Amino acid sequence: MAENSAQDAAARVAELKRKAAVHAISYIEDGMAVGLGTGSTAKFMIDALGERVRREGLKIRAIPTSEASEAQALSLNIPITNFADDPYLDVAIDGADEVQIGSLFLIKGRGGALLREKIVAVSARKFIVIVDESKLVTDLGTHMPVPVEIIPWGWERVENLLRKTGAKTCIPRRNDDGSLYMTDNHNIIIDCDYEKIDDPRALADLVISITGVVDHGLFLDITSEVLVAGASGLQRLTA
Ligand SMILES: O=C(CO)[C@H](O)[C@H](O)COP(=O)(O)O
């Protein structure tokens, strides 16, 4: 019984993610260079985009934010571009782990793709975030740790320094077999749990100042718009 209701809840969330994703696709027009996010919500978006390419002959070029999203895009005949040919993207669309109401600051990187996601987001004229309403928070850090991508060599030193940034815990992300999780960039991730982040800007500055940190999952002042799907419909939050 409990299992059934958990499955129902997961199906409801998936449907909300799909709704936000499908709506976001209406922003994409012929000729655009598009950043493709990573994660289950972004996966719905890439599927919907592939459908437009197939049905309407929509002509776009895409830069995916992970190997998984690239494989999905290629399987749907979405052409891939690069930053040499397209230094700026018209739009990038991605999910998020937390969205702070008001500031539209984000935590991203649960799926391990935060570095490429940030590069693509800051290269886009418009960065659209697609979420279900469970992702909205008053304070960042409430539900999710901040993933920090670091180089593997000497990682224990960086882990120690990250603990001193006020994190309650800092845990290296691991695979099921206990080995360290590796990003597509061959780096590792330390998940730092702050429980509640009072000053995201100060924390972002502190974390990035540690030598060995490549980037972190705090996305500040990047979001143009958030599409939030909830039980009462679709809401559009703008920066
Ligand atoms: O940042 C991400 C991956 O690195 C994802 O966008 C984030 O984890 C949200 O994922 P989902 O859409 O599956 O809830």
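Residues numbered from 1 in each chain as written. Predicted model: local features only at pLDDT ≥ 70, side-chain atom pairs only at ≥ 80, totals over all residues. Heavy atoms only, no water.

Naming follows an unreviewed UniProt entry, where the chain appears as Ribose-5-phosphate isomerase A of Asaia lannensis NBRC 102526. Per UniProt, the comment on the chain under Catalytic activity (unreviewed entry) is "aldehydo-D-ribose 5-phosphate = D-ribulose 5-phosphate". (UniProt positions renumbered as here; feature names shortened; annotations may be inferred.)

*Asks:* Which residues make up the overall build of the chain, and what are the values?
*Replies:* What the chain contains, in helices and strands, is 6 helices and 14 strands. Relative to a compact globule of 239 residues, whose C-alpha radius of gyration would be 18 Å, the chain shows 18 Å and is just as compact. When the backbone C-alpha atoms are referred to their principal axes, the chain occupies close to 55 × 50 × 40 Å. Computing the positive centroid from 26 side-chain charges and the negative centroid from 35, the chain places the two 2 Å apart. (Helix = DSSP H or I, 4+ residues; strand = E, 2+ residues; numbered from the N terminus. Rg over C-alpha atoms; globule rule 2.2 N^0.38 Å. Lys, Arg positive; Asp, Glu negative; His and termini not counted. Charge placed at Lys NZ, Arg CZ, Asp CG, Glu CD.)

*Asks:* Describe helix H5 (residues 155–163), and please don't skip the residues or the numbers.
*Replies:* Turning to H5, its buried residues are Trp 155, Val 158, Glu 159 and Leu 162. Along the axis of H5, the buried residues cluster in a sector spanning 105°; they form a single face. For H5, the secondary structure elements touched by its buried residues are strand S8 (146–150), strand S9 (169–172), strand S10 (188–193), helix H6 (200–208) and strand S11 (213–216). (Buried < 20%, exposed > 50% of the residue type's maximum accessible area, 1.4 Å probe, protein only. Arc of directions from axis to C-beta. Contact = heavy atoms within 4.5 Å.)

*Asks:* Quick one: what's the story with the nonpolar core, residue by residue and with numbers?
*Replies:* With 27 residues, the main nonpolar core has Ile 28, Met 45 and Ile 60 as its most contacted residues. Elements represented by at least two residues in this core include exactly helix H1 (2–24), strand S1 (33–36), helix H2 (40–56), strand S3 (89–94), strand S6 (124–132) and strand S13 (225–230). The element contributing the most residues to this core is H2, with 6 residues. Beyond its immediate sequence surroundings of up to four residues, Ile 60 is in contact with Ile 28, Glu 29, Met 32, Val 34, Leu 49, Val 53, Ile 78 and Pro 79. (Core = buried A, V, L, I, M, F, W, Y, C linked by side-chain atoms within 4.5 Å.)

*Asks:* Lay out the packing of H2 against helix H3 (residues 67–75) in plain terms, naming residues and giving numbers.
*Replies:* The geometry of H2 relative to H3 is characterised by a closest axis approach of 9 Å and an angle of 20° between their N-to-C directions. Taken together, the axis directions place H2 and H3 in an arrangement best described as roughly parallel. Between H2 and H3 lies a crossing whose hand is right-handed. In this structure, H2 uses Lys 43, Ile 46 and Asp 47 to contact H3, whose residues at the interface are Ser 69, Gln 72 and Ala 73. Classifying every residue of the contact of H2 with H3 by side-chain character gives 2 nonpolar, 2 polar and 2 charged. (Axes fitted to C-alpha atoms, helices over the stretch in contact; angles between N-to-C directions. Parallel < 35°, antiparallel > 145°, perpendicular 65-115°, else oblique. Left-handed = near helix turned anticlockwise from the far one by under 90°. Nonpolar A, V, L, I, M, F, W, Y, C, P; charged D, E, K, R; others polar.)

*Asks:* Which residues make up the UniProt feature "active site" (unreviewed entry) in the chain, and what are the values?
*Replies:* The feature "active site" (unreviewed entry), as given by UniProt, occupies Glu 117 in the numbering adopted here. As for its position among the elements, Glu 117 is in helix H4 (residues 114–122). Take Glu 117: its relative accessible area is 3%, and that puts it in the buried class. Among all residues touching Glu 117, those that are not within four sequence positions of it are Thr 38, Thr 65, Asp 94, Lys 108, Gly 109 and Phe 219.

*Asks:* Residues and numbers for the side chain of Gln 100, please.
*Replies:* Note on placement: Gln 100 falls in strand S4 (residues 98–100). Given the relative accessible area of 13%, Gln 100 is considered buried. If we ignore the near neighbours within four places in the chain, the residues touching Gln 100 are Phe 105, Val 137, Thr 138, Asp 139, Leu 140 and Pro 200.

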